[in-house]
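This is what each chain is made of:
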Amino acid sequence: MIKLLGISGSLRKASFNKALLHAALELPLADVRFTAGTIEGIPLYNADIEREGVPAPVQLLKDQIAAADGVILFTPEYNNSMPGVFKNAIDWASSSMTGAPNVFAGRAFALAGTSPSPFGTLLSQNAWLPVFRTLGADLWSGKRLMLPKAGALFDRDGKLVDEDARGRLKAFVEAFAAYVAKTKGL
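Read on for an overview of the structure. Bear in mind the structure is a predicted one, so any value in this text is a computation, not a measurement.

**A closer look at the packing of aromatic side chains**
All chains considered together, the criterion is met by ten aromatic pairs. Here F104 and F109 contribute two aromatic rings whose centre-to-centre distance is 5.3 Å and whose plane-to-plane angle is 20°, an arrangement assigned as stacked. Considered together, F104 and F109 belong to a single accessibility category, that of buried residues. Site record: aromatic cluster; members linked through ring pairs are F86, F104, F109, W128 and F132. In this arrangement the basic side chain of R12 is found over the ring face of F16, its NZ or CZ atom lying 5.8 Å from the centre.

Encoded structure:
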């Protein structure tokens, strides 16, 4: 059984990327256990706070990443880049100041996202590339999922209703799961 973790990089309740993550969690996937992580409650990074102890929401995220065979970041795009709140969460999770192991090193990661813009999350995903290289993550580049014009893909309740987008999402997650299985020997 392949263990995948999905993390949305938005705190907004009605976030398109949270909705995309939830759509991915509902996909019928063989031999895959797909769960959701969260960046909710993670404070702004401060080494003084970390010296006193890793905050519980940060430790939870680190534990979720460590338990996963592969992780998909569902990243919004803010001002042609990654969201600050999402980068902050990754900064916390990657800190080894307390001697914690690097949960990113060698772990398979993939990038996905949706945006109201006509380009999806192209620039946000590009902004993540040097971050994950620096962390030593195994950043999968087999496919990219950048769904443009998000407002037309979801209904009022945040359900992914566009069949083409649903098919692309399923193909993306299945291909990433196959990659993870191959690299982990599962």
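**With respect to the side chain of S115**
Relative to the helices and strands, S115 is located in the loop between β4 (108–114) and α5 (122–135). Classification of S115 by relative accessible area gives buried; the value is 6%. Ignoring any residue separated from it by four or fewer positions in sequence, one finds S115 in contact with G120, T121, L147, P148, K149 and A150.

**Brief notes about helix α3 (residues 56–67)**
Spanning twelve residues, α3 covers 16 Å between terminal C-alpha atoms, matching the ideal 16 Å at 1.5 Å per step. When α3 is considered as a whole, its buried residues turn out to be V58, L61, K62 and I65. The buried side chains of α3 occupy one side of the element, clustering within an arc of 100° when seen end-on. Its buried side turned inward, α3 meets β1 (2–8), β3 (70–74), α4 (84–94) and β4.

**Things to note about the pattern of salt bridges**
In total, this model carries six salt bridges according to the counting rule given. Across the salt bridge formed by D91 and K87, the nearest N and O atoms sit 2.7 Å from each other. Placement of the pair is D91 and K87 together in helix α4, with a separation of four residues, close to one helical turn. You can call K87 partly exposed: its relative accessible area is 25%.

**Remarks on helix α6 (residues 163–184)**
Helix length check: α6, at 22 residues, gives a terminal C-alpha distance of 31 Å against a target of 32 Å (1.5 Å per residue), a fit within 8%. Against the buried residues of α6 lie β1, α1 (16–25), β2 (32–37), β3, β4 and β6 (145–147). Capping of α6 at its N-terminal end is provided by D162; its side-chain oxygen lies 3.1 Å from the backbone amide nitrogen of D164. Positioned one or two residues after α6, G185 has a phi angle of 70°, which is positive.

Here is what the cut-offs are and how they apply
- Think of each chain on its own: its residues are numbered from 1, step by step along the sequence as written.
- Given that this is a predicted model, residues contribute local features only at a pLDDT of at least 70 and side-chain atom pairs are listed and counted only at 80 or more, while totals for whole chains, interfaces and linings are drawn from all residues.
- Working from all heavy atoms in the structure, the side-chain values ignore hydrogens and water.
- Only centres within 6.5 Å qualify two rings of Phe, Tyr or Trp (six-membered ring in Trp) as a pair; their planes then separate them into stacked at under 30 degrees, edge-to-face at over 60, and tilted for everything else.
- Think of it in three bands: residues with accessible area under 20% of the maximum for their type are buried, residues over 50% are exposed, and the middle band is partly exposed, with areas taken using a 1.4 Å probe on protein chains only.
- We count a charge as sitting over a ring when the NZ of a lysine or the CZ of an arginine lies within 6 Å of the ring centre and within 35 degrees of the ring normal.
- A run of DSSP states H or I qualifies as a helix once it reaches four residues; a run of E qualifies as a strand once it reaches two. Both are numbered from the N-terminal end.
- Note on definitions: a residue-residue contact is assigned when non-hydrogen atoms from the two residues lie within 4.5 Å.
- One less than the number of residues in a helix, times 1.5 Å, gives the span that helix is expected to have.
- The arc in question is formed by the directions pointing from the helix axis toward the C-beta atoms.
- Basic side-chain nitrogens of Lys or Arg form a salt bridge, by our definition, when they fall within 4 Å of a carboxyl oxygen of Asp or Glu.
- Under this definition, polar contacts are N or O atom pairs within 3.5 Å; protein pairs additionally need one hydrogen-donor-capable and one acceptor-capable atom, and for neighbouring residues in sequence, both atoms have to be side-chain atoms.

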